[in-house]
Amino acid sequence: MTPNEFWNCTYREAYVFVNSNSLQREEDYKKNIILFDALGEKIINVIGRKRPKNVSLVRETFKNLFKEELKVSSSHQQTPEEQIRILRSMK
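Residues numbered from 1 in each chain as written. Predicted model: local features only at pLDDT ≥ 70, side-chain atom pairs only at ≥ 80, totals over all residues. Heavy atoms only, no water.

Caption draft 1: Structural context of the overall build of the protein. In terms of regular secondary structure, the protein is built from five helices and zero strands. In the protein, the succession of helices and strands from N to C terminus is α-α-α-α-α. Counting over 91 residues, the protein shows a buried share of 8%. By element, 58% of the accessible surface of the protein is carried by carbon and sulfur atoms, the whole surface being about 8500 Å². (Helix = DSSP H or I, 4+ residues; strand = E, 2+ residues; numbered from the N terminus. Buried < 20%, exposed > 50% of the residue type's maximum accessible area, 1.4 Å probe, protein only. Areas by Shrake-Rupley, 256 points an atom, 1.4 Å probe, with all protein chains shown as cover.)

In structure tokens, the structure reads:
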């Protein structure tokens, strides 16, 4: 949104714009956290330090940020088709 568009928009349009930008930034932060978590796990594996398998220490630390993802993963078992679709979307 350009400054001219901002000054000519209604309160509702500005509210929707700010909320959508906020949600997009939060999703970007989540993706970066997951990426850095995976990178950290790779580095830890290379160094040879042992830690529990299948436990994401970053997601446990940032429980408030990953509320929806943790709720969905605990209540829904993914099918192989869903896993393939998710992995293809990550490319």
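Caption draft 2: Spatial organisation of a nonpolar patch on the surface. On the surface, a cluster of nonpolar side chains totalling about 410 Å² of accessible area is made up of Leu35, Phe36, Leu39 and Ile43. Residue class for leucine 39 comes out partly exposed when judged on its relative accessible area of 46%. (Patch = residues over 30% accessible without salt bridge, like charges linked within 9 Å, V, L, I, M, F, W, Y side chains within 5 Å. Salt bridge = Lys/Arg side-chain N within 4 Å of Asp/Glu carboxyl O.)

Caption draft 3: Spotlight on the packing of aromatic side chains. Evaluation of the coordinates by the stated rule reveals two aromatic pairs. Consider the rings of phenylalanine 6 and tryptophan 7, whose centres lie 5.4 Å apart with planes at 75 degrees: the pair is edge-to-face. On the accessibility criterion, phenylalanine 6 (40% relative accessible area) is partly exposed. Where tyrosine 11 meets tyrosine 15, the ring centres are 6.2 Å apart and the plane angle is 25 degrees; that geometry is what we call stacked. Of this pair, tyrosine 11 and tyrosine 15 are both found in helix H2 (residues 11-47), four residues apart, which corresponds to roughly one turn of the helix. (Phe/Tyr/Trp six-rings, centres within 6.5 Å; stacked < 30°, edge-to-face > 60°.)

Caption draft 4: Inspection of the pattern of salt bridges at higher detail. With the rule as written, the count across this model stands at two salt bridges. By sharing partners, the salt bridges in this structure join Glu26, Glu27 and Lys30 into a single network.

Caption draft 5: Structural context of the confidence of the model for the protein. A residue-level look at the protein finds 73% of positions with pLDDT of 70 or above and a mean pLDDT of 78. No element of the protein has a lower mean pLDDT than helix H4 (residues 67-75), which averages 63, and none a higher one than H2, which averages 87. (pLDDT = per-residue confidence, 0-100.)

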